Amino acid sequence: MMKLLHRSGVCALALMAGTAVMQFEPTVLRDLAFGNGTQHVAVGAVKTSLWSAALAQSSDSFALENVRFTWGPLTYEAQRIEFTGVSVARQELESLFSSSAVSLADRLSKIDAKQVIIPELKVTQKLGKETQTSLYRNATMSDIVRGKVASTVIETTAMEETGEKGPTLISYGRTTVTDLDLPTFVKLFETKDASAPLSRIHGAFSIEKVDVTDAGGNYSTQIARINGRDLIARPTKDSWNGTIALIKELSDKEKTSPEEETRILLTAADLLGAFDAGLVEATGITFKDDSKESKGTGSVARVAYTGATGSQPAEVRVEGIAFKDTNASLKIGSISLTGFSITPTLNGLKALEGKPLTDLDHAAVRSLIPTLGTLRITDMSIDAPAAEDKPNERVSVVWGLMEVTADKPLNGIPTNIRFEQRNVSMTLSDSSDDELAQQLQALGYKSIDSSFVLAATWNESTHEIAIKEFSMDTKDVGSVRLTGLIGNVSPDLFSPDEATASAALIGAKAKSANVVVENRGLVERYLAKAAKEEGTTPEALQKMYSGATPLVLSSMIGNSEQSRTLGQAIARFIEKPGKLTIEAQPKNPSGFGVMDVMLASDPKLLLEKLKITAKAE
């Protein structure tokens with residue numbers, strides 16, 4: 001019995017000793033350092049369990065201690081990085097930390113691990129006079145195959161940015177990233193090749209609870225969530241490291257030369273074209289400004305960027321905007337920009353080949369104009385004081401819709417344009433100094449609700465500009481709508497050379513025009529006001545105006561068949577205000593041009609060159 005107890009005790013001691021040995025982490029490598037160019041890595045120690053150390057070719061689990069990694073303007077520091085489930089051989093593992101000439105991207109592509117844990121990671125970045133320090137806690141990367149990380153999770157992130165205006169504090173909640181391709185990402189910083197294709201860097205990502213506050217507490221912003229997917233990128237001409245270094249070098253200068261300014265623009269153009277994303281959006285945004293200069297609060301429900309896919313263009317969208325300060329408020333339902341492209345600008349900057357901006361000719365400047373696409377703003381309202389000296393008198397303006405399209409550019413000038421404002425309404429102030437507002441008030445209007453549309457496009461194959469619509473429509477007032485066709489418009493109209501463009505403009509000829517006027521109450525209000533002033537009735541005044549119109553018109557534009565047609569139609573419109581349609585076409589099939597107007601000895605003779613029809617309904 002005593003022998004059995006003795007043997008059991010020995011076994012227990014052996015088990016305890018074995019467990020302690022297995023938990024002990026002997027140092028297998030110490031004071032490692034290597035670097036080339038802008039990269040430098042230092043590792044205080046590589047430690048592994050004694051059990052793994054006993055196996056010459058096994059590196060299943062190990063830890064790096066006192067790691068410092070300098071990468072251009074970025075410095076990474078971690079007291080400990082833990083690797084588990086590593087399937088590379090010991091020799092291959094040690095080569096990751098050797099001073100060989102193998103690139104960092106190629107070294108990372110050799111890593112296979114079940115999990116990498118970094119309890120705390122400090123990242124310092126200096127750019128010009130500003131320094132950003134970031135602290136990441138509990139970062140975990142899981143299922144790493146050839147350097148590609150299936151899942152990355154960071155529990156919390158804290159940042160501090162210092163600059164001339166004082167520090168700014170930024171904090172994040174939980175951050176997740178899927179399918180992170182570390183070798184491809186690292187190559188962006190190492191490779192110099194602006195012609196390389198865009199490559200996928202990672203899949204979906206999310207960031208919770210972003211909080212931004214300046215040190216003085218005057219300004220703060222909170223974002224409930226940022227998420228997105230499919231970040232793609234390519235290297236730049238000087239690599240991302242070189243690009244960042246150049247920006248740092250030039251930003252440190254108090255004054256830059258014209259050549260350096262051009263170099264900055266070229267570098268920025270290269271960098272802007274070096275990345276894109278399938279989707280990036282932020283939701284639940286609130287902000288507050290308590291500074292002495294201005295005090296206000298605001299919120300944005302959603303900001304999103306969606307990358308182009310197939311025939312679907314890229315779009316930037318902002319929804320649910322609200323802002324309010326001590327005197328005014330602003331609300332916007334949504335703002336979207338679709339089809340916007342800076343490609344013409346990027347290509348134009350590359351074509352400059354270092355030429356200073358001050359030396360650019362008109363054609364070069366035109367080549368830098370980006371494509372606007374379509375800007376759309378809905379449900380916008382503004383409430384503000386009527387004037388600084390009238391704080392108690394308010395002005396309220398509401399836009400149902402404002403939309404601007406400018407695309408299909410030729411030499412920087414859009415050949416397809418459209419501008420629309422729908423349901424723009426405002427209350428007319430009794431003390432307004434605006435002459436039109438005073439006239440409308442005199443007619444009995446307390447507010448106005450109007451819309452405006454201008455749409456025109458150039459057809460390259462027919463050399464024609466179609467004026468699809470030029471219209472103004474005001475509720476309870478009336479509307480005017482013009483459509484037309486201009487021919488003989490060659491591409492020279494869009495030439496950067498002013499003389500060439502002017503000659504093309506002179507050669508253009510109008511081929512048709514159509515005007516439609518509709519009354520919705522303005523004529524009746526005007527007749528009532530004028531009759532009251534003249535001491536008569538609206539009916540009598542209406543009859544007098546209707547009878548006098550043909551005579552007045554013939555005295556102004558001549559007693560031709562065209563003037564008689566116009567006079568009779570306008571007279572009927574005044575007698576019974578409804579809808580007036582006027583159509584004009586040149587008798588010459590080639591059209592009616594600027595030269596026809598310039599060569600006419602009598603303006604009244606111009607009507608003889610036109611075929612005019614008019615009718616009142």
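Anything mentioned here points back to the structure above.
So, here is what we can say about the structure in this document. The structure presented is a predicted model; accordingly, all values stated were derived computationally and were not measured.

A few words now on the overall build of the chain. The helix and strand tally for the chain stands at 15 helices and 26 strands. In the chain, which comprises 617 residues, the share counted as buried stands at 34%. For the chain, the share of sequence-separated contacts (at least 6 apart) that also reach a separation of at least 24 residues comes to 59%.

This part takes up the packing of aromatic side chains. Counted under the stated rule, the structure contains seven aromatic pairs. Each ring, one from Phe-419 and one from Phe-452, has its centre 6.0 Å from the other, and the planes form 55 degrees; the classification is tilted. Taken together, the residues Phe-419 in strand 19 (residues 413-427) and Phe-452 in strand 20 (residues 447-459) connect sequence positions 33 residues apart. Through pairs of rings, three or more aromatic residues link up here, namely Phe-185, Phe-189 and Trp-240. The side chain of Arg-525 reaches across the aromatic face of Tyr-445, ending 4.0 Å from its centre.

Let us look at a nonpolar patch on the surface. Together, Phe-470, Met-472 and Val-480 give the surface a local cluster of nonpolar side chains, amounting to about 230 Å² of exposed area. Relative to the elements of secondary structure, Met-472 occurs in strand 21 (residues 464-474).

Moving on, we come to helix 7 (residues 258-272). Its 15 residues place the ends of helix 7 21 Å apart at the C-alpha level, agreeing with the 21 Å of an ideal helix rising 1.5 Å per residue. Of the positions making up helix 7, those classed as buried are Glu-260, Thr-262, Thr-267, Ala-269 and Asp-270.

Looking now at the packing of helix 13 (residues 538-557) against helix 14 (residues 561-575). Helix 14 packs onto helix 13 with a crossing angle of 160 degrees between their chain directions and a minimal axis gap of 8 Å. Taken as axis vectors, helix 13 and helix 14 run roughly antiparallel relative to one another. By crossing handedness, the relation of helix 13 to helix 14 is classed as right-handed. Counting all contacts with helix 13, which are made through Gln-542, Tyr-545, Ser-546, Thr-549, Pro-550, Leu-553 and Ile-557, the residues of helix 14 involved are Ser-563, Leu-566, Gly-567, Ile-570, Ala-571, Ile-574 and Glu-575. Tallied by class, the residues present in the contact of helix 13 with helix 14 amount to eight nonpolar, five polar and one charged.

Let us now look at unusual backbone geometry. Within the chain, Arg-146 stands out as a residue other than glycine whose phi angle is a positive 50 degrees. Residue Arg-146 is classed as partly exposed on the basis of its relative accessible area of 42%. Backbone geometry at Asn-488 places phi at a positive 60 degrees, although glycine is not the residue there. One can find Asn-488 in the loop between strand 22 (478-487) and helix 11 (498-507).

So, about the layout of surface pockets. What the second largest pocket holds in volume is close to 830 Å³. If you trace the second largest pocket, you find 36 residues lining it, with Leu-436, Leu-440, Thr-474, Val-477 and Leu-522 closest to the centre. Broken down by class, the residue content of the lining of the second largest pocket amounts to 21 nonpolar, 10 polar and five charged.

Axis separation between helix 7 and helix 8 (residues 343-352) bottoms out at 9 Å; the angle between their running directions is 140 degrees. Our classification of the angle between helix 7 and helix 8 gives oblique. Seen along the crossing, helix 7 lies across helix 8 with a hand that is left-handed. Contact residues: helix 7 offers Leu-265, Leu-266, Ala-269 and Leu-272, while helix 8 offers Leu-346, Leu-349 and Lys-350. Grouping the amino acids of the contact of helix 7 with helix 8 by side-chain chemistry returns six nonpolar, no polar and one charged.

What follows is about the pairing of strand 24 (residues 579-586). Relative to strand 24, strand 23 (residues 509-519) runs antiparallel, the two sharing six bridges. Pairing of Glu-518 across the sheet is with Lys-579, part of strand 24. Both strand 24 and strand 26 (residues 610-616) contribute to a ladder of seven bridges, which runs antiparallel. Within the sheet, the bridge partner assigned to Leu-580 lies in strand 26 and is Ala-616.

Thresholds, definitions, all that
- Residues numbered from 1 in each chain as written.
- Predicted model: local features only at pLDDT ≥ 70, side-chain atom pairs only at ≥ 80, totals over all residues.
- Heavy atoms only, no water.
- Helix = DSSP H or I, 4+ residues; strand = E, 2+ residues; numbered from the N terminus.
- Buried < 20%, exposed > 50% of the residue type's maximum accessible area, 1.4 Å probe, protein only.
- Contact = heavy atoms within 4.5 Å.
- Phe/Tyr/Trp six-rings, centres within 6.5 Å; stacked < 30°, edge-to-face > 60°.
- Lys NZ or Arg CZ within 6 Å of the ring centre and 35° of its normal.
- Patch = residues over 30% accessible without salt bridge, like charges linked within 9 Å, V, L, I, M, F, W, Y side chains within 5 Å.
- Areas by Shrake-Rupley, 256 points an atom, 1.4 Å probe, with all protein chains shown as cover.
- Salt bridge = Lys/Arg side-chain N within 4 Å of Asp/Glu carboxyl O.
- Expected span 1.5 Å × (residues − 1).
- Axes fitted to C-alpha atoms, helices over the stretch in contact; angles between N-to-C directions.
- Parallel < 35°, antiparallel > 145°, perpendicular 65-115°, else oblique.
- Left-handed = near helix turned anticlockwise from the far one by under 90°.
- Nonpolar A, V, L, I, M, F, W, Y, C, P; charged D, E, K, R; others polar.
- 1 Å grid on protein atoms, 1.4 Å probe; cavity = no way out; pocket = protein on both sides within 12 Å on 5 of 7 lines; lining within 4 Å.
- Points joined across faces, edges and corners; volume = space filled by probe spheres on them.
- Pairing = 2+ DSSP bridges.

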